[in-house]
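# Residue-level structural notes
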Amino acid sequence: MSRWEPLLAVQEHDTHADQLSHRAQHLPERARLREVEEHTAALDVRLAAVQERRGELARSQQRLEDEVASLAGRADQAEKQLYSGAVSNPRELQALQDDVASIRRRIGQLEDDELEILELSEPVDAQLAEMGAERARLEAERARVADELAESEAGITAELAAVRAERAELAAAVDAALWPEYDTLRSQLGGVAIARLVGSTCQGCHLGLAAVEVDRIRKLGVDEIVHCEECGRLLVRG
Ligand SMILES: [Zn+2]
């Protein structure tokens, strides 16, 4: 076994760990979670507008109710005076009667306005109920996806811990002099610093080496440093 074999085993674990990290960063659950949160945010914007409209209607209704109550008070007051016997002048009595009739008419108009507002409120309330249900559905979906995401992350974290523990054991068997070049090549070549030469093919770049180069390499001892002429990675032979 050459001195490169333990380093190649480390490489395999580093590659596995890189894949797990990549998978952790690109979990479909995370994209789905973002999507659900975007839908919720968009719904909240529309919901706020409808709630604003509902609030306006409620305030209008309250204003009408207050005005009706105040007018009803005035009408009651005038009627009380009318029937108290305190006023005997026919002209004054007539004026009071006219006053009461006019107030009652005004109350009737305001009550019609109130009915109109109630009618306008109905579809708005229905819309609010629909949006509330949609929001609850999105909230449940968010919670479900968040759980799935946490589960996937926990699975990857556990797998990553196992890979790293194995890697640490393997690393102990690696010739310390090999680390600097391994680390440099790994950072320069997409995480893969060392690969096996199978036949005339480098397993790092999957390109075939020239026959002359393969011949030259075959004559070297397995512990010699050999780089792939195509990609520059360390080649493991034997
Ligand atoms: Zn190569």
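Details of the structure are given in the entry above.
Since we're looking at a predicted model, the values are computed, not measured. Each chain has its residues counted from 1, running along the sequence as written. Whole-chain, interface and lining totals are the exception, using all residues; otherwise, since this is a predicted model, local features are given only for residues with pLDDT of at least 70 and side-chain atom pairs are given and counted only at 80 or more. The side-chain quantities take in all heavy atoms of the structure and omit both hydrogens and water.

### Some remarks on the nonpolar core
Stated precisely, the cut-off is as follows: We call a set of buried residues a nonpolar core when its members are Ala, Val, Leu, Ile, Met, Phe, Trp, Tyr or Cys and they connect through side-chain atoms within 4.5 Å of each other. The buried label applies to any residue whose accessible area, calculated with a 1.4 Å probe on protein chains only, is under 20% of its type's maximum; exposed applies above 50%, and partly exposed to all values in between. Think of it this way: any DSSP run of H or I at least four residues long counts as a helix, any run of E at least two long counts as a strand, and we number them from the N terminus. Residue contacts are defined here by distance: any two heavy atoms, one from each residue, within 4.5 Å place the two residues in contact.
Counting 17 residues, the largest nonpolar core has Val50, Leu71, Ile103, Ile107, Leu110 and Met131 as the members making the most contacts within it. Taken together, the elements giving at least two residues each to this core come down to helix 2 (28–83) and helix 3 (90–171). The element best represented in this core is helix 2, accounting for 9 residues. Beyond its immediate chain neighbours, meaning those up to four positions away, Met131 contacts Leu43, Arg46, Leu47 and Val50. Core analysis: the second largest hydrophobic core is formed by 14 residues, Val10, Trp179, Tyr182 and Ile194 among them.

### Observations concerning the environment of His39
Secondary-structure assignment places His39 in helix 2. For His39, a relative accessible area of 45% corresponds to the partly exposed category.

### A word on the sheet that holds strand 1 (residues 194–198)
Under the convention used in this document: Any two strands are treated as partners once DSSP identifies two or more bridges connecting them. Inter-axis angles, ranging from 0 to 180 degrees, are taken between N-to-C directions of lines fitted to C-alpha atoms, where helices are fitted over the stretch in contact.
Read across the open sheet, the 3 strands follow the order 2-1-3; overall the sheet is mixed. A strand with exactly one partner marks an edge of an open sheet, and here the two such strands are strand 2 (201–202) and strand 3 (234–236). In the sheet, strand 1 pairs with strand 2 via 2 bridges, with the strands oriented antiparallel. The residue of strand 2 that forms the bridge with Leu197 is Cys202. Packing of helix 1 (residues 4–25) onto the sheet brings it into contact with strand 1 and strand 3, and relative to strand 1 it is tilted by some 115°.

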